[in-house]
Structures are given as structure tokens and as C-alpha cells.
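So you can see what is in the structure, the chains are spelled out below.
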Amino acid sequence: MIRTLDRYVAFSFLRLFLLFAIAAPLLFILGDLTDNLARYIDRGISLGRVGLSYVYQLPLYIYYSFPIASLIGTIFTVNNMTRHSELSAAKAGGVSFWRLLAPLPVLGIILTIVALGLSELVPITTRARSQLLGGRGPSNVARTEFVYRGTNGYSFAIRRIDLEGARITGLVMEREGNEPEVPSIYVKGQEAVYDSVKGWTVFRGQLRMLLGEEERLFDFSELHPTRFRETPEKLLAQPKEPEEMRYAELGEFIEVLQRSGGNPLELMADRAEKIALPVATLIIILFGAPLANSTQRGGAAYGIGISLGITIVYMMLFRICHAAAATGTIPPNLAPWLPNILIFLAAVVLTLRVKT
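Residues numbered from 1 in each chain as written. Predicted model: local features only at pLDDT ≥ 70, side-chain atom pairs only at ≥ 80, totals over all residues. Heavy atoms only, no water.

Colleague: Hey, could you go over the overall build of the protein for me, with residue numbers and the actual values?
Modeller: Looking only at helices and strands, the protein has ten helices and six strands in total. Counting across all 356 residues of the protein, residues that qualify as buried make up 43%. In the protein, once contacts between residues fewer than 6 apart in sequence are set aside, the share between residues at least 24 apart is 63%. For the protein, the computed accessible surface area is about 18900 Å², with 61% contributed by carbon and sulfur atoms. (Helix = DSSP H or I, 4+ residues; strand = E, 2+ residues; numbered from the N terminus. Buried < 20%, exposed > 50% of the residue type's maximum accessible area, 1.4 Å probe, protein only. Contact = heavy atoms within 4.5 Å. Areas by Shrake-Rupley, 256 points an atom, 1.4 Å probe, with all protein chains shown as cover.)

Given below as C-alpha cells:
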């Protein structure tokens, strides 16, 4: 019987979850198309490209719909079982409230993992859509006479870098050490070429190492500097937009800004959001189950109303915390988690009031 109930609860939830997760993106697309169709036509973008751009945009819309879809699925599943006395019947048969609804947290964990995967896919499809519509693309193909401060204390002085061929002409790389424990290193090369597998290879130059009072000088025809990991795109100062960066890429970009003296509070909040928003799927399920059981009033209209109300409050909290993080009022790594924490605390209070 338990297996039958598990399948029944899981099917009821997934049916509602998938229905909204599919319907919501279609509504988003319809709204966006209504607002921007004239602009696409004025720019001469064909309907085929516009349609393909929305295919690229689907992962983003589905990603945003996960917390809302999980709330709707949970509210309607539990509320329907409550109104039809299915919960009472299960309790009379010796099945507790949380044992009956055990499939929901399990599904919440699975959906959270799926949402985390979507959060890594969304930046790729977002950038593809932007390039398809002509919004962004490689513009700079070369850069001359600049200094770049890399990781691990290394600085690079570059005479010229060309994106075509991924080639540097005139490279100076240095790291100030702490002699004699950590040697200072100075590398000068006439040319460097980048390979996606091997990284950078420096040709025809000199390597100088300072070890306290001792100095060592080497001539080389070919050198593979393991600490020189920056790609040509990074050296060209062509960073992606934050929404086009995956979690690790955004973290690297934040480190670059911090080393350059910047204060990327908003970007740090964006990075934390990539984890907080998927986890909200599970937390909202834990919140929605006891909430829907707390009253037996209403039907579909009640479920829709309470779902929309909670969604609006949650999104308002999310935006307020994000804005506060950008100004430094709230630590940026904490801000996206505050709405989740509040929802989780409310879930704990409601759970303690549930008669199991």
C-alpha cells in the first residue's frame, strides 16, 4: 500500500509541476515576443532566427519556473488530498503525514540537482541567443601595450596580442618573490602562442631567477609557463556578461576584479544566486506541504491565489536582498540565501503545527 501511495503522491505532484514548468515558459515567450517583435522586424531579423532564439531562451525560463512550479505542485497535491479526506484516511491506516508525503522531499532533491544543471546550461544558451540576435560577439581582435595582473602574484606586460592565431608578440612575465624562500622570477620572450590543450608556449627568450644574493639566468628557445593560464579572450579584456558566465567563470571574473581593486558585490550576489535559486525548489516544497495542510478551505482558486501570493512575496524579498547586497548593506554571499532561510524557518514552524 505504501508503494501505491508513494506512486500516487509522486504522480500527482509531477503532473502539476511539469504542467506549470512547460506552460510558464510559453507565457514568458509570448510576453517577450509581444514586447519585442517590432524591434526584431526593424532590425531585419528573420522569424526563423527569432524562433531559434527562443529555443535558446527556454532553459532560462524553465530554470526560473522551478521554484514556482514546485510550490504549485505541492500546494495543489496536498490541498486536494486534504479536501478529499485522503490524508485522514491514510492517517487512519497508520500512515503519518510526513511518511505519506515522503516522495515530495525526494523529488525536491532530484529537481534541485536538475535546476543546478540548468544553471550551468543557461549561460551557454544565453550567449548563443545574444550572438544569434546580433547583440554581442567578438569585436576586438587585437590589443597592444598593456599590463595584466594574473593569478598567483604574476604580472604580464604584453606588447601585442592577436586573437587570430592566439599569438603574443613581446611578452614580459614577472613574479616578486620572498627570497630566499620564494624566488623572484622574470621571463622575457619574443613570442608566445596559445593552445587550448597545452596552454601558452613562449619562444626565444630569457628566464631570470633571484635567490637572495644569487641570480640565475637561462636562455631558452621554448618555455611552457604553467602559471600563465589566462586565455586570449581574457587578455583581450572581453569578459562575458554576468548572465553568460557559469559559476566557475563568474568566480574567476570576480577574482580578477578584486585583484584589480574593484568591489564586485553585485557579481558575488549573482554567483551565490546560482546555488540559492535551485535550492529554493526543495525548501519551497518543505514549506508548501504543511501550509496546504493547515486549511481545508477552497479549491483551485484558493490554491492559485496562495501560490501567487507566496511567489510575489518571495520574489520581492529576493530582489530587495539582491539590491541590498549590491550596496554592501548585506553580505553578497548571504543575500540570495535570506529568502530561503525565511521560507525554511516558516516551514519549520508550520511543520511543528502539523498533526501527524
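Colleague: Just give me the short version of helix α8 (residues 265-293), but keep the residues and values in it.
Modeller: Relative to the 42 Å expected for 29 residues at 1.5 Å per residue, α8 spans 40 Å between its end C-alpha atoms, a close match to the ideal helical length. Of all the bends in α8, the greatest measures close to 35° and is centred on E273. A large share of α8 lies buried, amounting to 24 of its 29 residues. (Expected span 1.5 Å × (residues − 1). Bend = angle between axes of the 7 residues up to and from the residue.)

Colleague: Describe the sheet that holds strand β6 (residues 214-223), naming the residues involved and giving the relevant values.
Modeller: Spatial strand order, β1-β2-β3-β4-β5-β6: six strands in an open sheet with antiparallel pairing. For this open sheet the edge positions go to β1 (142-149) and β6, each flanked by a neighbour on one side alone. If you compare each strand with its neighbour and ignore which way they point, the axes differ by 10° on average. Alignment of β1 against strand β2 (residues 154-162), held across seven bridges, turns out to be antiparallel. Along β2, the bridge assignment pairs R149 with S155. (Pairing = 2+ DSSP bridges. Axes fitted to C-alpha atoms, helices over the stretch in contact; angles between N-to-C directions.)

Colleague: Describe the nonpolar core, naming the residues involved and giving the relevant values.
Modeller: If you look at the biggest cluster of nonpolar residues, it comprises 43 residues, and the most contacted ones within it are V78, L100 and L101. Those elements giving two or more residues to this core turn out to be α1 (2-42), α2 (47-83), α3 (86-92), α4 (97-100), α5 (103-132), α8, α9 (300-326) and α10 (338-353). The leading source of residues in this core is α8, at ten residues. In terms of nonpolar packing, the next biggest core, distinct from the first, is built from 19 residues, I161, I168, F220 and F228 among them. (Core = buried A, V, L, I, M, F, W, Y, C linked by side-chain atoms within 4.5 Å.)

Colleague: Break down the packing of aromatic side chains for me, citing the residues and quoting the values.
Modeller: A complete count under the given rule lists eight aromatic pairs for this structure. Aromatic pair Y194 and W200: ring centres 5.1 Å apart, planes at 55°, arrangement tilted. Looking at W200, the relative accessible area reads 1%, which means it is buried. The interplanar angle of 10° and the centroid separation of 5.1 Å between the aromatic rings of W200 and F228 together place this pair among those described as stacked. A residue pair is termed long-range when its members are at least 10 positions apart, and W200 in strand β5 (residues 199-211) and F228 in the loop between β6 and α6 (232-235) qualify at 28 residues. One exposure class covers both W200 and F228, and it is buried. (Phe/Tyr/Trp six-rings, centres within 6.5 Å; stacked < 30°, edge-to-face > 60°.)

Colleague: Could you give me a rundown of the packing of α2 against α5, with the residues and numbers involved?
Modeller: Where α2 contacts α5, the axes come no closer than 8 Å and their chain directions differ by 160°. The pairing of α2 with α5 is recorded here as roughly antiparallel in orientation. For the crossing formed where α2 meets α5, the hand is left-handed. Here the contact of α2 with α5 is composed, by residue class, of 18 nonpolar, five polar and two charged. (Parallel < 35°, antiparallel > 145°, perpendicular 65-115°, else oblique. Left-handed = near helix turned anticlockwise from the far one by under 90°. Nonpolar A, V, L, I, M, F, W, Y, C, P; charged D, E, K, R; others polar.)

Colleague: So what about the packing of α8 against α10? Which residues, and what values?
Modeller: For the pair α8 and α10, interaxial distance at closest approach is 8 Å and the crossing angle is 25°. Viewed along their axes, α8 and α10 adopt a mutual orientation that is roughly parallel. α8 and α10 meet at a crossing whose hand is left-handed. Side by side, α8 and α10 meet where A276, A280, I283, I284, L286, F287, P290 and L291 of the first sit next to N340, I343, F344, A346, A347, L350 and T351 of the second. Split into classes, the residues belonging to the contact of α8 with α10 amount to 13 nonpolar, two polar and no charged.

Colleague: Lay out the side chain of T74 with the relevant residues and their values.
Modeller: Residue position: T74 is located in helix α2. The residues contacting T74, other than those within four sequence positions of it, are F13, L104, I285, G288, A289 and A292.

Colleague: Now, about the pattern of salt bridges: what can you tell me, with residues and values included?
Modeller: Tallied over the entire structure, the rule returns eight salt bridges. Two residues, R99 and D6, come together in a salt bridge whose shortest N-O distance is 3.1 Å. With a gap of 93 residues between them, R99 in helix α4 and D6 in helix α1 connect regions that are remote in the sequence. Linking R160 and D162 is a salt bridge whose minimum nitrogen-to-oxygen distance equals 2.8 Å. (Salt bridge = Lys/Arg side-chain N within 4 Å of Asp/Glu carboxyl O.)

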